[in-house]
Structure formats: structure tokens, C-alpha cells
Amino acid sequence: EGLAAVMPYEGSYWGYINKNGEMVIEPQFRRAAMFQDGLASVYIDGRWALINIKGEHIRDIDEPLNWRSYSQGFPGYMPLLP
């Protein structure tokens, strides 16, 4: 996806930078996973959510996801362990 999760300084929030090191999604997440297939799971405002590569909220989720590959149009995933 070309984005990497970063925490600008210890104890701050997570955001995402592009390949040029430019902050493209401002730090606002307590936890942030890698993007895969255009989505990442993040922890914000006391809940887990999916965001797209623009940082837009897609939907709330029950637990963080570690995406696997798509199969017949459906994403396969498994929960991330704490």
C-alpha cells in the first residue's frame, strides 16, 4: 500500500507516512496495524475500527484484524493477539 504506521515520539499516537516520509494520516490512533488490500485496523476513541488509505473510517470492528488473502471475493482474517 506504500504506507507505514509511525509514532512520531514515544507515548504519542500512531499515524501513517508514505514512501517519501510524509505524514499522510495524522497521528490519532492508540494502536495501528499495517495496511493490506486498502484497509487497516486502528484503535481510536476506545474502539477498534477499519480505515482506508485516506484515513477515512470504514466501520467499527469487534477486534483488530490481521488480514490474510482474499478468497472468492471475501477477506480471510484472524484476530491479532494482544
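Figured I'd write up the structure that's included with this text. Since this is a predicted model, take the numbers as computed values, not measurements. (Residues numbered from 1 in each chain as written. Predicted model: local features only at pLDDT ≥ 70, side-chain atom pairs only at ≥ 80, totals over all residues. Heavy atoms only, no water.)

### A few points about the pairing of strand E3 (residues 23-29)
Where a strand is regular, its side chains alternate between the two sheet faces.
Then, number 1: Across three bridges, the pairing between strand E2 (residues 14-17) and E3 is antiparallel. If you follow Ile17 over to E3, its bridge partner there is Met23.
Then, number 2: Counted between consecutive antiparallel strands, the loop separating E2 from E3 contains five residues, among which Gly21 sits at a positive phi close to 80°. (Pairing = 2+ DSSP bridges. Helix = DSSP H or I, 4+ residues; strand = E, 2+ residues; numbered from the N terminus.)

### Details of the packing of aromatic side chains
The relation between two aromatic rings is expressed through the spacing of the ring centres and the mutual angle of the planes.
Then, number 1: Under the definition given, this model contains three aromatic pairs.
Then, number 2: Summarising the aromatic geometry, the rings of Tyr16 and Phe35 are spaced 4.8 Å apart at their centres and angled 65° between planes, so their arrangement reads as edge-to-face. With Tyr16 in strand E2 and Phe35 in the loop between strand E4 (31-32) and strand E5 (39-44), the pair connects residues that are 19 residues apart, well separated along the chain. For the pair formed by Tyr16 and Phe35, the shared burial category is buried.
Then, number 3: A network of ring pairs unites the aromatic residues Tyr16, Phe29 and Phe35 as a single cluster. (Phe/Tyr/Trp six-rings, centres within 6.5 Å; stacked < 30°, edge-to-face > 60°. Buried < 20%, exposed > 50% of the residue type's maximum accessible area, 1.4 Å probe, protein only.)

### Observations concerning the environment of Leu39
Then, number 1: As for its position among the elements, Leu39 is in strand E5.
Then, number 2: The spacing of Leu39 and Gly55 is 16 residues in sequence and 9.2 Å in space, taken between C-alpha atoms.

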